[in-house]
Amino acid sequence: MKKLTSSLLFILLALTHNMAQENLTYKTPPASIMKLADYERAPQVSIDTKKEYMLLTYRSTYKNLEDLNQQEMSMGGLRINPVTNIASAASYINNLKVRKVVAKEAVQVKGLPVNPRITYIAWSPDETKIAFTNTVAGGVELWVLDMASAQAIRLTEPVINANLGSPFNWYRDSKQLLVRLLPANRPALIDPKKELPLGPTVSVSNGSKSQNRTYPDLLKNATDETNFVTLATSELYTVDLAGKTSLFKAGAMYAGESFSPDGKYLLTTILHKPFSYVVPLNKFPQVSTVYDLHGNVVKTVNDVPLSEVLPKGFMAVRKGKRQMNWRYDEPATLYYVEALDGGDPQTKADYRDAIYLWKAPFTQDADLLINLPQRFMNIIWGNESVAIVQDEWYDTRNEKTYLVNPSKPGESPKVITDRNFQDVYSDPGHFETWKNEYGKYVLAIADNALFLIGDGHTPKGQFPFIDELNLTTLKTKRLYQSTYTDKVEEIFDIEDYKKGEALVRIQSKNEYPNYFFRNFRKKDALTQVTHFPNPFESIKDVYKEVIKYHRADGVELSGTLYLPAGYNRKAKTEKLPLLIWAYPAEYKDKNSAGQSTANPNEFTYPYYGSFVYWVSRGYAVLDDAAFPIIGEGKTEPNDNFIEQLVSNAKAAIDAVDSLGYINRAKVAVGGHSYGAFMTANLLTHSKLFACGIARSGAYNRTLTPFGFQSEQRNYWDAPEVYNAMSPFQNADKMKTPLLLVHGEADNNPGTFTLQTERYFQALKGLGAPARMVILPKEQHSYVARENILHLLWEQDQFLEKYLK
């Protein structure tokens, strides 16, 4: 009997070990990875338009768990800290320095608070000062920095309300700010755990189709509604640079404020009831009103009802005025867009949208500027006779750019470009802007020409450029094109048109990105502005190459290949394990799908979002491997999703294997979000991989029934597509080891943590080799140092086990 009991105990212990959770404390990755992960982030740079001063902003490389472990209320699509009254996931700057552009060294800003937590940075219109918020234990304060003296002072107590976003705007005189403050008589929040409900929560469908996606953090009940009103309500105050305050407007749920270019009017948007339990706050009812500087109503310019119901499709929009804003090249003129097809992309119409102009004080009706054959995308104002308008249509991937004369409303526009917006090789670039007399960014116009700055992707590599567009002929003339074949030059903007000076950033695979002034009218005229060092010296000697290859149907693919430092590429005696990191993208044509934006000269920047760390551990890595999913004509990309996914993967492995570097029996694949969805499908439907790592993905598409990623059809339109693409529905086919990782608090639409938990339960129940890691407090992207370092440890342990 003793012997039987001992045997039974052994079996029970073995079963317990096999089935129980692992109670791990946080781990850190091996030394070679830790050396790369534990680095100091370089500051971000902001330069005034006069090229006089530069602001350097510093932040920690990672947050920590304490940053994530704060009070939080989720409602209306927001996650708010109800104590500090700012987004609970806000990222903070912890130091500021000022430098004259011509100087060598930066000056530490004086007067900053102890342990600053800075966000919402904004230059004053005259660019002599910078306003910012600082979050303390009890709330948010408003501060201002004088650039010339590098002195910061606090303007308010911690009474700022940043729950609905940026809480302040500069007046045009640069001497005052309009600020959202907490109401003096603000009611206490209701604790939903203590408040007993007065009845059930009831939602009603009235028969109208409402095909909304799976939004997170929505209102759930009457208590949420009451608390939302409390958190969203602010009073608008004018605050001067001495900290003196005066009430501008009484309390309301202010969701947006903007001054007219001449500074004489204020456009506000206020949310109001009825709220919704199925859509976030940007679809709540809202009223837009223009006030004068004394707070008197000039005109209520828009009244938008609750927007729960929209037609199907990415080009669907609500009825009524939308995208209302100031015209930046005039003192006080609003523009807005209105759908001419009822907002329904299925309705046949010669024109989809119309743009209207409405001059203050809005006593006359608005004037029609232009009718658009596609959905409005963007407008850039220039002057009284020049504006650029862009429209688009997602189903055809078409984008048109027009030259419009605002002084002649109704006049037919001139088409500048008519192109597939996914065709990166034909991208003409973006229009350069400069500040006008109102301090607003408008089209840079000089000598009857506009200017375009382009990324310059070509079949032979990347060569950024500056073009001049003649406004009469609409022909372009190339003013400058980068010729680097061993570096990357990013062109940010033109600083001086007459002299030909542009702000650029130059990097190579081993040289950290730094800023320069380039005179594009003079050969090799470069002046270095910043001197940031390379924090990743330990991988400076790794081999890096963009490889191009073809999948079975002839589509050209590419990926960035990394090989360990010292690997003998000639002898190739050692066959390396291969890690592939990818993210699928949908296209409507093979030409665009086969184009590459990868550049081997980009600085090698390892981070948790790729496998690059593991080149230091003796792996070959194919990073950002192209995984196009193509649907030409009436065929939708996802109609053949699985077949194309497997074809992409096989082509990638074949390409690296043909170079002689790898053991193709030891290949892993990984991805985040839609890349995780890809990974699970590849392990399910192919035998190409030894293991996979899937992070923060969605695996059951019936839980996203009204579309996902670039899929516009709902589940009932294409149930066979949804089911075939869902790893959960095919879990019985999954036999390959899979590491599943998810943030505990993922609030990305469609990728709720439940997706990973239920998929793991299915795999475990069916006997598949899987491991699930839930990272405490993390959302869709991971930010806490403890979690990221543990993630790297988990991935390393998993890869060492199944590949080495």
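Keep in mind that this is a model prediction, so the values were computed, not measured. (Residues numbered from 1 in each chain as written. Predicted model: local features only at pLDDT ≥ 70, side-chain atom pairs only at ≥ 80, totals over all residues. Heavy atoms only, no water.)

## Focus on the overall build of the chain
Going by this rule: The helix count covers DSSP runs of H or I at least four residues long, the strand count covers runs of E at least two residues long, and both are numbered beginning at the N terminus. For this measure, only C-alpha atoms enter the radius of gyration; the expected value for a globule follows 2.2 Å times N^0.38, where N is the number of residues. When a residue's accessible area, from a 1.4 Å probe over protein chains only, is under 20% of the maximum for its type it is buried; when over 50% it is exposed; and in between it is partly exposed. In what follows, a contact means two residues having at least one pair of non-hydrogen atoms within 4.5 Å.
Broken down by element type, the chain carries 10 helices and 48 strands. Taken against the 2.2 N^0.38 rule, which gives 28 Å for 804 residues, the C-alpha radius of gyration of the chain at 28 Å falls within 12% of a compact globule. The buried share of the chain, reckoned over its 804 residues, is 53%. Sequence separation of 24 or more characterises 58% of the internal contacts of the chain that already satisfy a separation of 6 or more.

## Let's talk about the pairing of strand E23 (residues 375-383)
For clarity, the threshold we go by: Pairing between strands requires that DSSP locate at least two bridges from one strand to the other.
With 7 bridges connecting them, E23 and strand E24 (residues 386-393) associate as antiparallel partners. Note on E24: the bridge partner recorded for Ile380 is Ile388. Between E23 and E24, which follow one another and run antiparallel, lie 2 residues.

## Digging into the nonpolar core
A general trend in soluble globular proteins is that nonpolar side chains are found buried together. Put simply, the rule reads: Put simply, a nonpolar core is a bunch of buried Ala, Val, Leu, Ile, Met, Phe, Trp, Tyr and Cys residues held in one set by side-chain atoms that sit within 4.5 Å of each other.
Tyr549, Ile580, Leu622, Phe627, Phe689 and Tyr759 are the most contacted members of the largest nonpolar core, which totals 59 residues. Among the elements that take part in this core, helix H6 (residues 641-658) stands out by supplying 9 residues, more than any other. Excluding residues within four positions of it along the chain, Ile580 makes contact with Phe611, Leu622, Ala625, Phe627, Ala652, Ile653, Val667, Ala668, Val669, Gly670 and Phe689. Ranked by size, the runner-up nonpolar core spans 40 residues in total, among them Met34, Ile539, Trp581 and Val615.

## Here's the deal with the side chain of Glu257
Note the following rule: Under this definition, polar contacts are N or O atom pairs within 3.5 Å; protein pairs additionally need one hydrogen-donor-capable and one acceptor-capable atom, and for neighbouring residues in sequence, both atoms have to be side-chain atoms.
Locating Glu257 in the fold gives a position in strand E15 (residues 245-259). Of note is the side chain of Glu257, whose polar atom sits 3.1 Å from the side chain of Arg180. Look past the residues within four positions of Glu257 in its chain and what remains in contact with it is Asn169, Leu178, Arg180, Leu236, Leu266, Leu267 and Thr268.

## Notes on the environment of Ser32
Inspection of the secondary structure assignment puts Ser32 in helix H2 (residues 31-37). A residue is classified by how much of its surface remains accessible, and Ser32, at 27% relative accessible area, is partly exposed. Along the backbone, Ser32 and Ala626 are 594 residues apart, and their C-alpha atoms lie at a distance of 28 Å. Excluding residues that lie within four positions of it along the chain, Ser32 makes contacts with Ser616 and Arg617.

## Comments concerning the sheet that holds strand E21 (residues 353-359)
Our working rule: With axes taken as lines fitted to C-alpha atoms, and helix axes fitted only over the stretch in contact, angles between N-to-C directions fall between 0 and 180 degrees.
Taken together, the 4 strands give an open sheet; going across it, the order is E19-E20-E21-E22, and neighbouring strands pair in antiparallel fashion. At either margin of the open sheet sits one strand with a lone partner, and together these are strand E19 (321-326) and strand E22 (367-372). Each strand of the sheet is rotated relative to its neighbour by a mean of 20°, with strand direction disregarded.

## Focus on unusual backbone geometry
A cis amide bond links Lys273 to the next residue, Pro274, at an omega of 10°. In this structure, Pro274 sits in the loop between strand E16 (265-271) and strand E17 (286-292). With an omega of 10°, the peptide bond running from Ala360 to Pro361 counts as cis. Here Pro361 lies in the loop between E21 and E22. Look at Asn115: it is not a glycine, yet its phi comes out positive at around 50°. Relative to the helices and strands, Asn115 is located in the loop between strand E7 (107-108) and strand E8 (118-123). Asn115 sits in the exposed class, given a relative accessible area of 66%. Phi at Ser673 is positive, roughly 65°, even though this residue is not glycine. On the basis of relative accessibility, which here comes to 12%, the residue Ser673 falls in the buried class.

## Observations concerning the confidence of the model for the chain
For clarity, the cut-off: pLDDT is defined as a per-residue confidence score from the predictor, taking values between 0 and 100.
When pLDDT is averaged along the chain, the result is 95; 98% of the residues meet or exceed 70. In the model, residues 1-18 has pLDDT below 50 throughout and makes 0 contacts with residues more than four positions away in sequence or in other chains.

## What to know about the packing of H6 against helix H7 (residues 674-685)
Convention followed: Relative orientations are named as follows: roughly parallel for angles under 35 degrees, roughly antiparallel for angles over 145 degrees, roughly perpendicular for angles from 65 to 115 degrees, and oblique for any other angle. We call Asp, Glu, Lys and Arg charged. Ala, Val, Leu, Ile, Met, Phe, Trp, Tyr, Cys and Pro are nonpolar, and the rest, Gly among them, are polar.
Close contact between H6 and H7 brings their axes to 10 Å; oriented N to C, the two are set at 85°. Of the possible angle classes, the one that applies to H6 and H7 is roughly perpendicular. Contacts between H6 and H7 involve Phe641, Ile642, Leu645, Val646 and Ala649 from the former and Tyr674, Phe677, Met678, Asn681, Leu682 and His685 from the latter. For the contact of H6 with H7, the residue count by class is 9 nonpolar, 2 polar and no charged.

## With respect to the packing of aromatic side chains
Convention followed: Two rings from Phe, Tyr or Trp (for Trp, the six-membered ring) form a pair when their centres are within 6.5 Å of each other. A pair whose planes differ by under 30 degrees is stacked, one over 60 is edge-to-face, and the rest are tilted.
Counted under the stated rule, the structure contains 38 aromatic pairs. With a centroid separation of 4.9 Å and an interplanar angle of 50°, the aromatic rings of Phe451 and Tyr497 are classed as tilted. Placement of the pair is Phe451 in strand E30 (residues 449-454) and Tyr497 in the loop between strand E35 (488-496) and strand E36 (501-507), with a sequence separation of 46 residues. The same class applies to Phe451 and to Tyr497, which are both buried. A centroid spacing of 5.5 Å and a plane angle of 90° characterise the contact between Tyr715 and Tyr722, whose relative ring orientation is edge-to-face. Take Tyr715 and Tyr722: they sit in the same class, and that class is buried. One aromatic cluster is present, formed by Tyr583, Phe641, Tyr674, Phe677, Phe706, Phe708, Tyr715, Trp716 and Tyr722 through successive ring pairs.

## Observations concerning the sheet that holds E24
Spatially, the 4 strands line up as an open sheet ordered E23-E24-E25-E26, and their pairing is antiparallel. Of all strands in the sheet, those bounded by a partner on one side alone are E23 and strand E26 (414-420). This sheet shows a mean twist of 15° between the axes of neighbouring strands, independent of strand direction. Examined bridge by bridge, E24 and strand E25 (residues 398-404) share 7 bridges and lie antiparallel to one another. Bridged to Glu392 within E25 is Glu399.

## Things to note about helix H4 (residues 222-232)
Structurally, the α-helix is built with 3.6 residues per turn, so residues lying three or four positions apart point the same way. Along H4, 8 of the 11 residues are buried, which leaves the element largely enclosed by surrounding structure. Measuring from the backbone nitrogen of Thr223 back to the side-chain oxygen at the start of H4 gives 3.2 Å, which picks out Asn221 as the cap.

## Comments concerning the environment of Arg117
Structurally, Arg117 is set in the loop between E7 and E8. Taking C-alpha positions, Arg117 is 45 Å from Leu372, a pair spaced 255 residues apart along the chain. Once residues lying within four places of it in the same chain are set aside, the contact partners of Arg117 are Tyr92, Ile93, Thr133, Asn134 and Thr135.

## Regarding a nonpolar patch on the surface
Test applied: Within this analysis, patches are made of residues with over 30% relative accessible area and no salt bridge. Like charges are joined at 9 Å or less; nonpolar side chains (Val, Leu, Ile, Met, Phe, Trp, Tyr) at 5 Å or less. For every accessible area listed, the method is Shrake-Rupley and the probe measures 1.4 Å; residues are considered covered only by the protein chains on display. Any Lys or Arg side-chain nitrogen found within 4 Å of a carboxyl oxygen on Asp or Glu counts as a salt bridge.
A cluster of nonpolar side chains, namely Leu703, Phe752 and Leu754, defines an oily patch on the protein surface of about 230 Å² accessible area. Along the chain, Leu754 turns up in helix H9 (residues 753-765).

## What about the pattern of salt bridges?
Under the counting rule described, the total for this entry stands at 33 salt bridges. We note a salt bridge from Glu537 to Lys540, for which the minimum N-O separation is 3.5 Å. Of the residues examined, Glu537 reaches a relative accessible area of 41% and is grouped as partly exposed. Residue Lys540 is classed as partly exposed on the basis of its relative accessible area of 36%. A cluster of three or more residues bridged by salt bridges with shared partners is formed by Arg322, Asp341, Arg352, Asp353 and Arg375.

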